[in-house]
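Analysis of the macromolecular model
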Amino acid sequence: MSKRLLSAKFIYQYRRRLEQCWSLECDIDPLILRARLLHRQNLEFQALAVEQELLPIV
């Protein structure tokens, strides 16, 4: 197998494992998880709106 194919396979496995870890984050605020999901879906404006809800009121 070529190095390129091995590295692509490794990246795919690494990304899949990372996404599995994110799905297990149950102790994190649901708004943070929602913002992460929106960013992954390239819905930047919606993600920023959710992040605004997370900012402390001073």
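Each chain carries its own residue numbering, running from 1 in the direction its sequence is written. Totals for whole chains, interfaces and linings use all residues, but because this is a predicted model, local features are given only for residues with pLDDT of at least 70 and pairs of side-chain atoms are given and counted only at 80 or more. The side-chain quantities take in all heavy atoms of the structure and omit both hydrogens and water.

A separate point is the overall build of the protein chain. Per the convention used, a helix needs a DSSP run of H or I reaching at least four residues, while a strand needs a run of E reaching at least two, with both numbered from the N terminus. For the protein chain, the count of helices and strands is 3 helices and 0 strands. For the protein chain, the α and β elements follow one another from N to C terminus as α-α-α. Looking at the protein chain as a whole, 9% of its 58 residues are labelled buried. A 1.4 Å probe and the Shrake-Rupley method give the accessible areas. Residues count as covered only by the protein chains that appear here. In the form shown here, the protein chain has an accessible surface area of approximately 5500 Å², with 62% of it arising from carbon and sulfur atoms. Burial status follows relative accessibility: with a 1.4 Å probe on protein chains alone, a residue under 20% of its type maximum counts as buried, one over 50% as exposed, and anything between as partly exposed.

Put simply, a salt bridge is a Lys or Arg side-chain nitrogen that is within 4 Å of an Asp or Glu carboxyl oxygen. This structure, assessed with the given rule, holds 1 salt bridge. One salt bridge in this structure joins Arg-15 and Glu-19, with 3.2 Å as the shortest N-O distance. Highlighted residues: Arg-15 and Glu-19, both in helix 1 (residues 3–23), separated by 4 residues, approximately one helical turn.

Below, the discussion takes up unusual backbone geometry. The phi dihedral of Asn-42 falls on the positive side, at around 60°, and the residue is not glycine. Checked against the element boundaries, Asn-42 lands in the loop between helix 2 (30–40) and helix 3 (44–54). For Asn-42, a relative accessible area of 62% puts it in the exposed group.

Within the element layout of this structure, Arg-36 appears in helix 2. In the structure, Arg-36 is positioned 14 residues away from Val-50 in sequence and 9.7 Å away in space, judged by C-alpha atoms.

pLDDT runs from 0 to 100 and stands for how confident the predictor is about each residue. Confidence in the prediction for the protein chain averages 79 pLDDT; 74% of positions are at 70 or higher. Taken element by element, the protein chain is modelled with least confidence in helix 1, mean pLDDT 75, and with most confidence in helix 3, mean pLDDT 91.

Glancing now at the packing of helix 2 against helix 3. An axis is simply a line fitted to the C-alpha atoms; with a helix, the fit covers only the stretch in contact. Between two such axes, the angle follows the N-to-C directions and lies from 0 to 180 degrees. The geometry of helix 2 relative to helix 3 is characterised by a closest axis approach of 8 Å and an angle of 165° between their N-to-C directions. The angle between the axes of helix 2 and helix 3 places the two elements in the roughly antiparallel class. Classified by chirality, the crossing of helix 3 by helix 2 is left-handed. Taking contact as the criterion, the partners of Leu-31, Ile-32, Arg-34, Ala-35, Leu-38 and His-39 in helix 2 are, on helix 3, Glu-44, Gln-46, Ala-47, Val-50, Glu-51, Glu-53 and Leu-54. Grouping the amino acids of the contact of helix 2 with helix 3 by side-chain chemistry returns 7 nonpolar, 2 polar and 4 charged. Here the angle decides the label: under 35 degrees means roughly parallel, over 145 means roughly antiparallel, 65 to 115 means roughly perpendicular, and every other value means oblique. Crossings are classed by handedness, with left-handed meaning an anticlockwise turn of the near helix from the far one by less than a right angle and right-handed meaning a clockwise turn. In what follows, a contact means two residues having at least one pair of non-hydrogen atoms within 4.5 Å. Each residue gets one label: Ala, Val, Leu, Ile, Met, Phe, Trp, Tyr, Cys and Pro are nonpolar, Asp, Glu, Lys and Arg are charged, and the others, such as Gly, are polar.

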